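If you want the building blocks of each chain, they are given just below.
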Amino acid sequence: MSPLPPGTIGQGLPRLDGVAKVTGAARYGDDHRVPGAAHAALALSTIARGSIVAIDQAAARAVPGVLEIFTHRNVGKRVKPGRPLLSGGYTNSRVQPLGSPQIHFAGQIVALVVAETAEAAREAADRLVLTYDEKAPTAGFDSPGAEARPAKSMLAKTRLKVGDADEAFAAAPHKVDARYETPAQHHNPMELFQVICAWDSDDLTVWESTQHVIGTQRGIAKQLGLSPKRVRVIAPFVGGAFGARNMPPSTPLVAFAARALGRPVRLVVTRQQGFTLMTFRAETRHRVRLAADRQGRFVALRHDSWELTSRTDNFVLAGSENTARLYACPNIRTEVQVVEADRQTPGFMRAPPEVPYFFAMESAVDELAHAIGLDPVELRRRNDTLVDSVSRKPFSSRALMPCFDAAAEAFGWRERAAHPRAMRRGEWLVGFGCAAAAYPAQVAAADCRATLFPDDRVLIEIGTHEIGTGAYTILAQTAADRLALPIDRIEVRLGDSRLPAAPLTAGSVSTASNCNAVALACDRLAGKRAAAAGAPRTGPLVAEATFKPRGAFPFSQFLIRRGIPMFAGAVRDKHAFFSSGAHFVEAHVHVDTGEVRVPRMVGAFAAGTIVNARTARSQLMGGQIWGLSAALHEATELDRRTARYVNRDLAGYHMPVHADIGRIETILLPQRDERVNPLGIKGVGELGNTGVNAAVANAVFHATGIRCRTLPIRVEHLLQAPA
Ligand code: MOS
């Protein structure tokens, strides 16, 4: 840890809320108790496509303690459909469950049962007998009825064209042309999806663990036809979010039920139901054509991709926006297609575009290095650039190769044999692999209020979220630093829609956006403190400030206050803003069984100012582990006949446990970047998760000579090829 004075920016201060979290004093959503609350449970559709013909409620209503059963018949249009995030709204889908008898995917909400106890509600929900008019569903890629169409997106460019990639590819001496595939995955934050809604005449209070209190407030208000002022959303601690915790479609229904019944209603969604309540990372396919000249300089990149999506909403990631910007290349062409199926709408899951798209791109770079006979680090060095190949704008700062060099050194990359299948330890083939990490350094407007009390205590108020990342700690550190006060004088209040507006906690924007807002408010407060120096202080001094990022949409702070996640993108002003990193992985593959073990991973990252070295390292390390998980463990299995997920729990949905994780080293490279925002913060929430899956696959190739282009890598992939 760095030897900085306690409370200053950069110091690796332990979490201020650490003790509260490990003792249970920290109150998560469902820890809140509302006297007299009734309990809700969901019933979900068993079919993926069709409509409800009848719901026999007799057996359900016979369960003692059942208060009411809400279906499309008694809800209907009284809860208005939401507008999805990608269209400037607050929800995941424009389809509101219980709005009509239509079924769009398996696991859609078909009833909300409210009872005196959670057990009775669940029992009754299970006893509902639904009759459907069922149509054959389209489950996924290659299913009957699946058709690709060009993708359109308000947020990302689904087509890029620089130079002539096809001509350059045809003429190049070295090339790869390969197809890659990534599976469906689900976030599964440890804290289950839950909500408690309580009305006090016309005022609604909602305790829901969300990564967006204002968005949830606005979403409920809109769908129930209320003034947002009447709705308050509270979430002081959130047990993991990862993109899954925008407003669930059940939340307005629970608020509706609470109003109808005249009492508070609580809903805790089961782990199994959580798989279709919210969004997921959809499966993707890629074709990458990458070519180099005789010096190993890229001359052509074509990245074509296909994303699985729902029929109801236009969700698309278009991660080729970022793969196209990774290296110097004069000829680039990307095109994204979507394939609609009868599935829930996909959504954001940690480094949403980069996890699948970098797998394809960084595998292809490794394949090209092998084809040329060049070291994969050396190939990247020859194609490093300080200018974004798409926009032609310079990067505000870029330390991709310093990350590769630092990680390679720590890893011992020079011990790597040049050829695959050349390293062996007993019955295990040993391989070393690497891949690049990168993430757009976005930022958003944020408001903050800072109050200095006469006893020198300071209260920082900002409506952001603690999703497990250390928000309380870094915001307090920023205030202590700017006000030159001991950290224990600072109190931080967040997770409440009544607080000054902060953006949706997503896209790795929170630290940059919120710490800059805190710094501005504290600087203003310090000015007031200086002006009042000497005079006897009786009341508190209050300073409010709004951080407006340079290059952002001019009125973005007004949109943030209305819960619209308006982020200033990675290419703005005169620069392109990205964080970067490098992953190195040692893979062992058993010669007889094909079992893969990863005893060692090293990552090095450059992400501008690191506010807290300890929490930043934890975030990046979490990303490294999740990337390993994406490469070797995680996949949501689909029954292709019924379009239903098969492994809807943490027994069947594989994740790494401690025994799967060996030594992990996480190196933070110092980086100053005054252009990205005043504090120079780029964010680390998603960076560590990008590119790891490719590094693992590249290490497995180096161990075995077998190229795994489909994730997750399984023993059957490694046993099919001749030994
Ligand atoms: Mo994150 S996937 O941007 O919530």
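Residues numbered from 1 in each chain as written. Predicted model: local features only at pLDDT ≥ 70, side-chain atom pairs only at ≥ 80, totals over all residues. Heavy atoms only, no water.

Caption draft 1: Up close: helix α9 (residues 354-372). Taking 1.5 Å of rise per residue, the 19 residues of α9 would be expected to cover 27 Å, and the 26 Å separating its terminal C-alpha atoms lies within 8% of that figure. Buried residues dominate α9, accounting for 16 of its 19 residues. Looking one or two residues beyond α9, the residue adopting positive phi is Gly373, at roughly 85 degrees. (Helix = DSSP H or I, 4+ residues; strand = E, 2+ residues; numbered from the N terminus. Expected span 1.5 Å × (residues − 1). Buried < 20%, exposed > 50% of the residue type's maximum accessible area, 1.4 Å probe, protein only.)

Caption draft 2: Summary view of the pattern of salt bridges. This model, assessed by the stated rule, comprises 51 salt bridges. Across the salt bridge formed by Arg425 and Glu586, the nearest N and O atoms sit 3.8 Å from each other. Here Arg425, found in strand β17 (residues 423-425), pairs with Glu586, found in strand β27 (residues 578-590); they are 161 residues apart in sequence, far enough to count as distant. Accessibility expressed as a relative area gives 5% for Glu586, which makes it buried. For Arg672, the salt bridge identified is with Glu674, shortest N-O distance 2.3 Å. With respect to class, Arg672 is no different from Glu674; both count as exposed. (Salt bridge = Lys/Arg side-chain N within 4 Å of Asp/Glu carboxyl O.)

Caption draft 3: Structural detail: the sheet that holds strand β28 (residues 596-606). Strands sit in the order β17-β18-β27-β28-β31 across an open sheet of 5 strands; the sheet is mixed. Of all the strands in the sheet, just β17 and β31 (663-668) have a single pairing partner and so form its edges. Each strand axis lies, on average, 25 degrees off the axis of its neighbour in the sheet, ignoring direction. Where β27 lies against β28, 9 bridges are found, and the strand directions are antiparallel. Residue His588 lies in a different strand from β28, and its bridge partner there is Arg597. (Pairing = 2+ DSSP bridges. Axes fitted to C-alpha atoms, helices over the stretch in contact; angles between N-to-C directions.)

Caption draft 4: Quick peek at the domain arrangement of the protein. With domains assigned, the protein is organised as domain 1 (32-135 + 190-241 + 245-277), domain 2 (150-185 + 280-441 + 574-718) and domain 3 (444-562). One C-alpha centre belongs to domain 1, the other to domain 2; they are set 37 Å apart. Listed by partner, the interface residues are 18 residues for domain 1 and 22 residues for domain 2. Summing both partners gives a buried area of about 1,700 Å² for domain 1 against domain 2, and 65% of it is carried by carbon and sulfur. Broken down residue by residue, the surface that domain 1 buries against domain 2 is led by Leu86, Gln272 and Phe275, which jointly contribute 39%. (Domains from an automatic or database assignment. Contact = heavy atoms within 4.5 Å. Buried area = accessible area lost by both parts, 1.4 Å probe.)

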